[in-house]
Amino acid sequence: MTLVMKFGGTSVGSAEAMRQTADIIEQFKKEWGSTVVIASAMGSKPVKVTDLLLNGSKAALAGDMDEVTQLLPKLRTIHFDAIEELIPAGDKQTALKEEIDQYLTYFHNICQAISFLREISPRASDAIGGMGEQMSIRILAAYMSERGTPTEAIDATELIVTDDNFTNATPLIDETNAQTMARLKPLIEQGITPIVTGFIGATTDGITTTLGRGGSDYSAAIIGRAIEAAEVWIWTDVDGVMSTDPRIVPDAQTIPELTYLEVSELAFYGAQVLHPRTMRPVMQLGIPLRIKNTFNPDSPGTVIVKERELKAGNIRAVTGIRELSMISVEGRGMLGVHGVAARAFKSVAESEASVLLISQSSSEQSICFVVQQKNSADVVQRLETEFADEIKVRNIDCIAANENVAILTVVGSGMQGVPGVSGRFLGALGDSSISVMAIAQGSSECSISVVVAEDQVSAGIQAIHKMILEQ
Ligand code: ASP
Ligand code: MG
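Presented here is a report on the structure given in the accompanying data block. (Residues numbered from 1 in each chain as written. Chains lettered and ligands numbered in written order. Predicted model: local features only at pLDDT ≥ 70, side-chain atom pairs only at ≥ 80, totals over all residues. Heavy atoms only, no water.)

### Quick look at the sheet that holds strand β2 (residues 34–39)
An order of β5-β6-β2-β1-β9-β11-β12-β10 is seen for the eight strands of this open sheet, with the pairing classed as mixed. Of all the strands in the sheet, the pair left with one neighbour each is β5 (151–154) and β10 (257–259). Shown here is a sheet whose adjacent strand axes are inclined to one another by a mean of 20°, direction ignored. Here five bridges tie strand β9 (residues 231–236) to strand β11 (residues 289–293), and the two strands are oriented parallel to one another. By the bridge assignment, W235 is partnered in β11 with K292. In the packing of helix α7 (residues 173–189) onto the sheet, the strands contacted are β1 (2–7), β2, β5 and β6 (193–197), and the crossing angle to β5 comes to about 165°. (Pairing = 2+ DSSP bridges. Helix = DSSP H or I, 4+ residues; strand = E, 2+ residues; numbered from the N terminus. Axes fitted to C-alpha atoms, helices over the stretch in contact; angles between N-to-C directions. Contact = heavy atoms within 4.5 Å.)

Structure representation (structure tokens):
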């Protein structure tokens, strides 16, 4: 049985973290028979190698090569410090350092081209962004071989075939499955642990792409599906998915078990745990996905499965998203008029704002929806242009933005078909004097969201979390 394990930036962020990660890999390789490892770029908070690389490319775009030159020793030190602690001085250490230096030279050269042209293409950005993973896996693989565990460092450009939507590419499933199987299976059969770059893939022409920021989780799920792994584990620096943000509620708890659906709702609503596209590949084969803490490996973490035993009315988690704006289009003249909603959302789509929640009153006299604050002014302006005629004849009275709102969401499959959950939820908010400006429930009945004033969202989360603990 093969276990796919992904290690995030902090899990490979220093020599010490890599040692712990190597212990974990060896332990679970023994228990499961074989493992495939996916790793992110090195990143000990707050410095992430991927950020440094991409910041370098932005500085280059602004013509600031001094900034790029200053980044080079920083990047070198992060990697060389780890190498010097993990690999004894000698030929292997020298060779590994040379490899890292080659990537840094390559980074410098691309930045020079960007600065010269004052232009950055998405593919240049991906070539730069993916280098963090290419460096980190080489160090981890060399270190593990040094410890006596046979490994091979593999660039996912050899495994994950994607479309050419650079910086946010989508894998081509059949090609990826075939290529990954062909490359990894023989290694697994020989007892070699592949150590694969997260985050990157390549087009059918072999040009490096990336799967979007935070995409290493997604890489692990894609590879897990390709080799039909028994489970996929995401090793990170938290114990799992929490019942809410522990900065708001100190007694937030790790949720032991969630369904795919529940987690998708959570990811959508801003829980910072998993890359939002991660669930898809594992869901297709029903592969359990587990979130574990590298720095607390004995904690069971959170396991995400297809189905779990439900306790009626069971709310699992509450989350909040801030810095939103609620936009409403109101007017008595809208009643029974066709196409108002379609035209409104067409305008929103043209602004490239994404809509987080929609609600319309049954009187058809207002539509309201929520977008990110940063898009608010643009969306309002587009709506005013679109509906200029209706505004003139007063069929639409007002297009207004209510800035500084937040969405508070409760998630739990146990709510399905159970009457009274939304009543208890709204009651708890009312008891804390929090007024609800709009409400929406997904048809999956797996989540309910409300719009509240931004300065009330923390109090709302605290009140609902109390309810979760008491249910
Ligand atoms: N290193 C990439 C990023 O920072 C991918 C990842 O860490 O998941 O976005
Ligand atoms: Mg991540």
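### Describing the pattern of salt bridges
All chains considered together, the criterion is met by 23 salt bridges. Where E231 meets R290, a salt bridge forms, and the shortest distance between an N and an O atom there is 3.3 Å. One end of the pair, E231, is in strand β9; the other, R290, is in strand β11, with 59 residues separating them in the sequence. Classification of R290 by relative accessible area gives partly exposed; the value is 21%. (Salt bridge = Lys/Arg side-chain N within 4 Å of Asp/Glu carboxyl O. Buried < 20%, exposed > 50% of the residue type's maximum accessible area, 1.4 Å probe, protein only.)

### Quick notes on the environment of G63
Within the secondary structure, G63 sits in the loop between α2 (49–61) and α3 (65–86). Beyond its immediate sequence surroundings of up to four residues, G63 is in contact with S115 and R118.

### With respect to a nonpolar patch on the surface
Taken together, the side chains of L426, V436 and I439 define a hydrophobic patch exposed on the protein surface, amounting to about 200 Å² of accessible area. Mapped onto the fold, V436 is located in the loop between α14 (421–431) and β17 (438–441). The class for V436 is partly exposed, based on a relative accessible area of 32%. (Patch = residues over 30% accessible without salt bridge, like charges linked within 9 Å, V, L, I, M, F, W, Y side chains within 5 Å. Areas by Shrake-Rupley, 256 points an atom, 1.4 Å probe, with all protein chains shown as cover.)

### Brief notes about the site of ligand 1
Close to ligand 1 lie S40, K48, T50, E133, F199, R213, G214, G215 and S216, which account for all nearby residues. The contact in question runs from an oxygen atom of ligand 1 to an N or O atom on the backbone of G214, over 2.7 Å. Contacts to ligand 1 include G215, whose backbone N or O atom sits 3.4 Å from an oxygen atom. Burial of ligand 1 by the surrounding chains reaches 95%, relative to a free accessible area of 260 Å². (Near = heavy atom within 4 Å. Polar contact = N/O pair within 3.5 Å; in protein donor to acceptor, adjacent residues only side chain to side chain.)

### Observations concerning the side chain of T176
The topology assignment puts T176 in helix α7. Given a relative accessible area of 2%, T176 falls into the buried group. In terms of polar contacts, T176 uses its side chain to reach the backbone amide nitrogen of V161, at 3.0 Å. A polar side-chain atom of T176 sits 2.7 Å from the main-chain carbonyl oxygen of L172.

### Comments concerning the packing of aromatic side chains
All told, the structure shown has six aromatic pairs when counted by the stated rule. Here the aromatic rings of F28 and W235 are separated by 5.9 Å at their centres, their planes lie at 45°, and the arrangement is tilted. Of this pair, F28 sits in helix α1 (residues 15–32) while W235 sits in strand β9, and the two are 207 residues apart along the sequence. W235 carries the same exposure label as F28, and that label is buried. An angle of 85° between the planes, with centres 5.8 Å apart, marks the rings of W32 and W233 as edge-to-face. (Phe/Tyr/Trp six-rings, centres within 6.5 Å; stacked < 30°, edge-to-face > 60°.)

### Some remarks on the sheet that holds strand β16 (residues 398–411)
Read across the open sheet, the six strands follow the order β14-β15-β13-β16-β18-β17; overall the sheet is antiparallel. Strands at the two margins of the open sheet, each flanked by one partner only, are β14 (357–360) and β17. In this sheet, adjacent strand axes meet at a mean angle of 30° when their direction is disregarded. Where strand β13 (residues 317–330) meets β16, eleven bridges bridge the pair, whose relative direction is antiparallel. Each residue of the ladder has a partner; that of V318, found in β16, is V410. Each of β13, β16 and β18 (447–453) touches helix α15 (residues 457–470); the most contacted strand, β13, lies at about 130° to it.

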